[in-house]
Amino acid sequence: MSPDLPPVVPSVTAELVAALSPRLRKRLDAGVTKLLARPVVRDGDTVRIAVDDDTDVELRAPGGTVTDADAIHCGCLLAPGCLHRAAAASAAPVAEDTPAPAEATETEKDAETAPAEPDAVTPEQRAAARAVFDAAAAVLEAGTDGAGAVLQAELLQAAHAARLAGLPRASAAAVSVVTGVRAARSADPAHRLTDLAGALSGVLGVAHRIPHTTGPGLTGLRGTVRQPYRTDGSLRLYGLFSEPVLTATGYAGAVTWTADADGRLYTVSDVAPGGPARATGAADRAVRIGDTALTHRELSRAGLAVSGATVSPTGRLGAGAGVRAVRASGAAWRAEPLDRLWTVSAAEQVARALGGGQDLLFLEVTLAGPVREATGDGVLADCAGLPLRLVTAHDDPALPYRDNLRLLAAAGGRRLRIVARLAPGPAPRALLLAAEHPTDPDARVDLGLDRLQHADLPKGAVTPRSRPARAVDEAPLHLLRRRVHQAVPGGRRVLAVAGSGPGDAARLRRLGLATAGDLLDDLHAAAADRSRDPFGRLLPADTDRFARAWLAAAVYTDAVERALCAAAWGAAAPAVPIP
């Protein structure tokens, strides 16, 4: 997915992919990859992609969004039935699929005038929900590794049909899965496996429940139409910190986090194919937004004034031709407006993260010394009376996270403000990203990019011997969780091959998680179930059964994990998310 391309509504992508011949469909993923590597030029509302020296693909986006298939034009000899138009739509971000008022369907008009009273699902809505479930189940069956542009387009087509049938919630959930799949396949730094698993669970759950729900509960499942995504106008941002990005799939770079005066978070990223050298070097590259010459390292401590800003749903700032940005003054962590980020209690921040909000934590802690875990050394800290384990955010030796953590362990007794990322679990635990300097309260350290020295520590500081982490009575929920997560990138076949480890289900039952044991057995049985015809040939897998077994395991795991994490932090018990 390329942020340089204008968003394309789902119906356009679905139409262009559906028009391809079977031979071209097989080549679509390769076409998308090739197109993403080609130069992109913006001229007003038109974006051109140079397919080769003689051919361009044009995306015309009046108002910033491609809303019609004819707005994507290709100059090759095979157009309009060529691969390039479908590849361009598949490479672009997904936009809201909102029909113009004059084009509203009869179903939508009926929904607008219907009385506010309990009702039942219409046949059109039942069929649309079934289509969304089947398309999402096909994505789960293949996993993100196998869910190419064709499967994505089928899910977008189902999303469009659901919207026309008056099911905007199911439509939006399906679009979020496509966006997550594209982020996973392109190694986008915003991709989180847990987020994509949650999105899949959400769309399957909503689509499954709609046909069986009546009365007031149906209103929530239908949802409401959201406002189309718009530009964010002018922004005054203050740098917070930068973190390196280094993925297992060969992408590297840096992401800088900023905040506005109201505490809303925004990111500027520079991620491209590369290794550890690019991850550490990207911090000294100029940020790609407007004409500013600020580097990521400088922006993390300075400010930015942006006009014509465009912002993704995750807070990522766009770098389009209409965006202007100039350097502005920054703010210290203990000064306004950034100070307010640390005034929110840890329990409230954790509850926000568990509720689907931002997973960054802004904490004030007192360092207590090193602690040894099975995954490596960390730092034990006191956070308002709560024993907190701070661990490295990335283990690659080229990044200074681990060395910095060891040095911070020698600053026992120091009270510092930190930025960390929540690591859900039965004990309070977080990935340490940035911290105030141990001896200079006006400075801060980006722990994945800056390197602390012994001279930065308080005089006489000596790193004490690390102590083992106190054992936590942890229910072995990971035995079920890892299988739920394995299916998202690898699909059904991964679970069919892996099988259940010896005694996994029995162990779950022995420790009081009988439901988890039953769900694990059912998940593996559904993954391995392949019937044969009278001649012994394998029949197609039962994607419906596998999707339902995976959904049950995912909902159960999420509910238990959220409750355990909330209890560990003293946060309010999260509502059980029934998708």
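**Details of the packing of helix H6 (residues 123-146) against helix H9 (residues 193-209)**
For the pair H6 and H9, the least separation of the axes is 8 Å and the interaxial angle reads 150°. It follows from the interaxial angle that H6 and H9 lie roughly antiparallel. Remark: the crossing between H6 and H9 carries left-handed chirality. Facing H6, whose interface residues are Ala 129, Val 132, Phe 133, Ala 136, Ala 137, Val 139, Leu 140 and Thr 144, H9 presents Leu 196, Leu 200, Val 203, Leu 204, Ala 207 and His 208. Broken down by class, the residue content of the contact of H6 with H9 amounts to twelve nonpolar, two polar and no charged.

**Quick word on the nonpolar core**
In terms of nonpolar packing, the biggest core is built from 60 residues, with Leu 204 and Trp 550 touching the most fellow members. Counting residues per element, the ones that place at least two in this core are H6, helix H7 (149-164), helix H8 (168-185), H9, helix H10 (217-222), helix H15 (478-490), helix H18 (514-528) and helix H19 (543-569). Considering every element that reaches this core, the biggest residue donor is H6, with nine residues. Once residues lying within four places of it in the same chain are set aside, the contact partners of Leu 204 are Phe 133, Ala 136, Ala 137, Leu 140, Ala 547, Trp 550 and Leu 551.

**Re H9**
Along its 17 residues, H9 runs 24 Å from first to last C-alpha, staying within 8% of the 24 Å computed at 1.5 Å per residue. Among all positions of H9, only Leu 196, Ala 197, Ala 199, Leu 200, Ser 201, Val 203, Leu 204, Gly 205, Val 206 and Ala 207 are buried. Close packing links the buried residues of H9 with H6, H8, H10, H15 and H19.

**Describing the packing of aromatic side chains**
On inspection of all chains with the given rule, the structure shows three aromatic pairs. When the ring of Phe 241 is compared with that of Trp 257, the centres are 6.2 Å apart and the planes differ by 10°; the resulting orientation is stacked. With Phe 241 in strand E5 (residues 233-246) and Trp 257 in strand E6 (residues 251-259), this pair connects stretches of sequence that are 16 residues apart. By the burial criterion, Phe 241 is buried, and Trp 257 matches it. Their ring planes at 80° and their centres at 5.2 Å tell us that Trp 342 and Phe 362 sit as a pair that is edge-to-face.

So, how was this worked out
Residues numbered from 1 in each chain as written. Predicted model: local features only at pLDDT ≥ 70, side-chain atom pairs only at ≥ 80, totals over all residues. Heavy atoms only, no water. Axes fitted to C-alpha atoms, helices over the stretch in contact; angles between N-to-C directions. Helix = DSSP H or I, 4+ residues; strand = E, 2+ residues; numbered from the N terminus. Parallel < 35°, antiparallel > 145°, perpendicular 65-115°, else oblique. Left-handed = near helix turned anticlockwise from the far one by under 90°. Contact = heavy atoms within 4.5 Å. Nonpolar A, V, L, I, M, F, W, Y, C, P; charged D, E, K, R; others polar. Core = buried A, V, L, I, M, F, W, Y, C linked by side-chain atoms within 4.5 Å. Buried < 20%, exposed > 50% of the residue type's maximum accessible area, 1.4 Å probe, protein only. Expected span 1.5 Å × (residues − 1). Phe/Tyr/Trp six-rings, centres within 6.5 Å; stacked < 30°, edge-to-face > 60°.

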